[in-house]
Structures are given as structure tokens and as C-alpha cells.
Amino acid sequence: MCVKEVLVQNHVGLHARPATFFIQRANEYKSTIWVEVNDRRVNAKSLLGVLSLGIMGGATIKIIASGADEEEAVESLVSLVESAFAE
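Analysis parameters
- Residues numbered from 1 in each chain as written.
- Predicted model: local features only at pLDDT ≥ 70, side-chain atom pairs only at ≥ 80, totals over all residues.
- Heavy atoms only, no water.
- Helix = DSSP H or I, 4+ residues; strand = E, 2+ residues; numbered from the N terminus.
- Buried < 20%, exposed > 50% of the residue type's maximum accessible area, 1.4 Å probe, protein only.
- Polar contact = N/O pair within 3.5 Å; in protein donor to acceptor, adjacent residues only side chain to side chain.
- Contact = heavy atoms within 4.5 Å.
- Expected span 1.5 Å × (residues − 1).
- Salt bridge = Lys/Arg side-chain N within 4 Å of Asp/Glu carboxyl O.

Q: I'd like a description of the side chain of Ser-31, backed by residues and values.
A: The residue Ser-31 is located in the loop between helix H1 (16-26) and strand E2 (32-37) in this model. Judged by its relative accessible area of 1%, Ser-31 is buried. Reaching out from Ser-31, the side chain makes a polar contact with the side chain of Asp-69 at a distance of 2.5 Å. Aside from chain neighbours lying at most four places away, what touches Ser-31 is Lys-45, Ala-65, Ser-66, Gly-67, Ala-68, Asp-69 and Glu-70.

Q: Talk me through helix H3 (residues 70-82); I want residue IDs and the actual numbers.
A: The end-to-end C-alpha separation of H3 is 18 Å, in line with the 18 Å expected for 13 residues at 1.5 Å each. Within H3 the residues assigned to the buried category are Glu-70, Ala-73, Val-74, Ser-76, Leu-77, Val-78, Leu-80 and Val-81. Considering only its buried residues, H3 is in contact with strand E1 (2-7), H1, E2 and strand E4 (60-66). Looking at the residues trailing H3, positive phi occurs at Ala-84, about 60°.

Q: How would you summarise the pattern of salt bridges if you had to cite specific residues and measurements?
A: What the rule picks out here adds up to 3 salt bridges. Across the pair Glu-36 and Arg-41 runs a salt bridge, and its minimum N-O distance is 2.9 Å. Here Glu-36 falls in the buried class, since its relative accessible area comes to 13%. Assessed through its relative accessible area of 44%, Arg-41 is described here as partly exposed. The partner of Lys-62 in a salt bridge is Glu-36, with the nearest N and O atoms 3.9 Å apart. In this pair, Lys-62 is assigned in strand E4 and Glu-36 in strand E2, connecting sequence segments 26 residues apart.

The structure is reproduced here in C-alpha cells:
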């Protein structure tokens, strides 16, 4: 299992557009991937799950992956969040 915390850089957080980019990237990996904020954990491959967290800009989230490509998946998603989804 690979776990990393990352600060959400973009000011509006994970609203529909960045959340879509996030789940599309998560779906590129075979590992099971979760997003956690304030002790709530959802499937990172589910748009409704990610949106239900209501992640705002400035929040710290955990990205958790388990599987064959877990480290690559986490690093890729952390990089995406750190890039502020190119917004």
C-alpha cells in the first residue's frame, strides 16, 4: 500500500472539471485507489465519490493505492493535484 498527502493547489478545489481529470488519471491504473479527506474515504475512480467529498482549495487530501502499480498511480495523481489541474 502506498499513501501520500497532497495540498490541493487550485483555489476552487476538486469541482467537476478537475475531478474528471483526477478520475480519468486514476482509471489509467490497475490498482485500487482511494481519496481520503477528514476521515472520509471514497473510490478515486468514481466521479460521484470524489465530488461527494466537497474538496476545497487549500485542503490536504490523502491518496491511497494498493496493487501492482500503486506507487506509479499515487505519484501520478499527486503530480496532477500539485499542478493545480493546469487551471
